[in-house]
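Structural characterization, general
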Amino acid sequence: MSFGSLGLCDELLKTVIEQGYKTPSPVQVAAIPAVLSQRDVMAVAQTGTGKTAGFTLPMVQLLFGGPSAKAQCVRALVITPTRELAAQVASSVQNYSRHLDISTAAAFGGVRIEPQINQLQAGLDVLVTTPGRLLDLYNQKAILFDQLEILVLDEADRMLDMGFIDDIRRIQTLLPSKRQTLMFSATFSTTIKLLAKGMLDNPLVLEVAATNNSIDTIKQVMHPVDKARKSEALIHLIKKNKWHQLLVFSGTKHGADSLVLQLEKAGVSAVSIHANRTQHARTAALDGFRNGNIMALVATDVASRGIDVNQLPCVVNFDLPYVAEDYVHRIGRTGRAGNSGLAVSLYSDDESKRLTAIEHLVGRKFKLEIIPGFAPSLKAPTNSSEDDEYGNFEADPKPRHKGQSQGRGRRGGR
Ligand code: AMP
């Protein structure tokens with residue numbers, strides 16, 4: 001399958017070539033013609049599957065050539081759960097529409113609303129926004145929906161997890177009922193189905209990416225380490241393996257800040273990103289990480305949503321996540337869109353319940369691989385081979401869950 005057969009116009013075909021995309025990803029193959037046909041679409045697709053281009057390319061094609069937006073009007077709204085994702089999707093829309101005359105802006109909280117109000121004054125083709133800031137703009141009479149043609153709900157499951165359901169319902173009441181609606185979600189849980197039923201009109205349901213293929217291309221390593229030696233072990237791994245760009249997940253904001261201090265002390269440039277940091281600090285952290293000035297970005301789960309850095313080589317679970325599904329979200333940041341990646345987890349014996357939950361979710365049992373010089377003081381149940389630090393984990397001969405194929409990132413309904 002080629003991009004050329006999906007119905008995209010020449011300008012967009014030129015863009016995908018410039019992006020270096022050779023073949024469309026499965027979600028793109030399914031979503032692009034569906035969106036171009038102007039049907040409502042419910043797509044089950046995780047971050048890292050190419051879903052942003054999957055909805056953006058056909059969306060900008062539909063908008064292009066249509067009547068231009070009148071003052072304060074938006075023709076397409078993309079709603080995302082987090083500020084970072086909004087900023088990133090807006091920059092993707094700008095990027096993908098570079099050969100078309102399409103105006104795009106992002107509006108999210110944590111920064112002044114006035115510049116966003118000013119941007120809306122002349123009208124916009126695409127506004128990428130978070131639910132709260134969109135309602136603020138509406139309440140301040142800065143935005144009109146009379147000309148709305150397309151609504152995209154990105155990461156709808158996350159929006160529900162983060163408690164945005166009331167905001168979404170309220171937003172729905174403000175929008176014209178005659179519109180095209182596209183909903184993307186990593187899961188197809190009962191609550192998502194209910195939300196889709198209320199918002200979409202006879203949608204095409206695309207489940208091509210119900211499982212995250214990219215997880216199969218990720219090498220996953222589990223190192224048992226004493227909790228008190230995790231920072232030291234991480235610094236050792238960074239130096240020994242010459243990692244130059246890594247996203248590190250910490251279970252707490254405080255843990256993230258203290259790890260940054262220790263990494264910096266060891267000469268590893270690092271910065272944290274979590275809810276207590278200002279929007280400005282978060283954006284600066286992401287920029288520094290993207291442009292290579294920062295080697296390690298230490299993030300909490302909520303702040304990490306939507307971080308997209310092309311071909312992120314390595315993700316580290318400094319703490320195992322409390323929620324097993326977050327393991328799949330976290331490691332999905334590496335090995336994106338078919339590129340191989342590495343996910344390294346530091347496991348301390350107080351995390352055994354979390355490890356078991358992750359093993360159940362991914363349907364495999366990890367081999368615990370001791371880092372030479374960092375054997376945990378309590379004997380961990382390991383059959384490690386110390387010289388094979390990055391060998392693959394053992395496959396459990398029998399998947400533990402019926403219906404969960406090995407190594408797939410299927411997330412349970414929440
Ligand atoms: P997304 O799932 O939208 O967050 O996209 C994940 C990553 O895949 C982004 O870095 C995109 O630039 C990249 N990407 C999207 N479509 C393709 C494609 N067809 N081929 C290669 N990379 C792609």
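Let me begin by describing the structure that accompanies this report. (Residues numbered from 1 in each chain as written. Predicted model: local features only at pLDDT ≥ 70, side-chain atom pairs only at ≥ 80, totals over all residues. Heavy atoms only, no water.)

**As for the overall build of the protein chain**
Under the convention used in this document: Helix and strand definitions here come from DSSP, where helices need a minimum of 4 consecutive H or I residues and strands a minimum of 2 consecutive E residues; each element is numbered from the N-terminal end. Think of it in three bands: with a 1.4 Å probe and only protein chains considered, a residue is buried below 20% of the maximum accessible area for its type, exposed above 50%, and partly exposed in between. Any two residues whose heavy atoms approach within 4.5 Å are treated as being in contact. Only the protein chains shown count as cover for residues, with accessible areas throughout obtained via the Shrake-Rupley method and a probe of 1.4 Å.
Within the protein chain, the regular secondary structure consists of 15 helices and 13 strands. Across the 414 residues of the protein chain, 57% fall into the buried class. Put simply, 76% of the contacts in the protein chain that link residues at least 6 apart link residues at least 24 apart. As presented, the protein chain carries roughly 17,200 Å² of accessible surface, and 52% of it is formed by carbon and sulfur atoms.

**Structural notes on the nonpolar core**
Basically, it comes down to this: Nonpolar core, defined: a set of buried Ala, Val, Leu, Ile, Met, Phe, Trp, Tyr and Cys residues in which side-chain atoms within 4.5 Å join the residues together.
Ranked by internal contacts, the top residues of the largest apolar core, which has 40 residues, are Leu57, Met59 and Val126. Beyond its immediate stretch of four places on either side in the chain, Met59 contacts Val35, Ala76, Val78, Val93, Val126, Ile150 and Val152.

**As for the sheet that holds strand S2 (residues 74-79)**
What links the strands of a sheet is backbone hydrogen bonding, and the strands pair in either a parallel or an antiparallel sense. Quick reminder of the rule: For two strands to be treated as a pair, DSSP must find at least two bridges joining them. Inter-axis angles, ranging from 0 to 180 degrees, are taken between N-to-C directions of lines fitted to C-alpha atoms, where helices are fitted over the stretch in contact.
Spatially, S3-S4-S2-S5-S6-S1-S7 is the arrangement adopted by the 7 strands of the open sheet, whose pairing is parallel. Both edges of this open sheet fall to strand S3 (104-107) and strand S7 (204-206), since each of them pairs with a single strand only. Between one strand and the next, the sheet's axes are offset by a mean angle of 15 degrees, whatever the strand orientation. Here S3 pairs with strand S4 (residues 124-129) via 4 bridges, running parallel. Looking across to S4, one finds that Ala106 is bridged to Val128. The sheet contacts of helix H6 (residues 131-139) involve S2, S3 and S4, and relative to S4 the element is tilted by about 130 degrees.

**Overview of helix H9 (residues 190-199)**
The line we're drawing: To be clear, the arc concerns the directions from the helix axis to the C-beta atoms.
Restricting attention to buried positions, one finds in H9 the residues Ile192, Leu195, Ala196 and Met199. Taken down its axis, H9 places every buried residue within 100 degrees of arc, on the same side. Turned more than 90 degrees away from the buried face of H9, the exposed residues are Thr190, Leu194 and Lys197. Where H9 is buried, its residues contact strand S1 (41-44), strand S5 (150-153), helix H7 (156-161), helix H8 (165-174) and strand S6 (180-185).

**A closer look at the packing of aromatic side chains**
In plain terms, the rule: When the centres of two rings from Phe, Tyr and Trp lie within 6.5 Å, Trp using its six-membered ring, the rings pair. Their planes under 30 degrees apart give stacked, over 60 give edge-to-face, and anything left gives tilted. Our definition puts a charge over a ring when NZ of Lys or CZ of Arg is within 6 Å of the ring centre and also within 35 degrees of the ring normal.
For the structure shown, the criterion picks out 4 aromatic pairs. Ring geometry for Tyr138 versus Phe145: centroids 5.9 Å apart, planes at 15 degrees, classification stacked. Owing to a relative accessible area of 5%, Phe145 belongs among the buried residues under this scheme. Its guanidinium or amino end placed over the ring of Phe318, Lys230 lies 5.9 Å from that ring's centre, counting from NZ or CZ.

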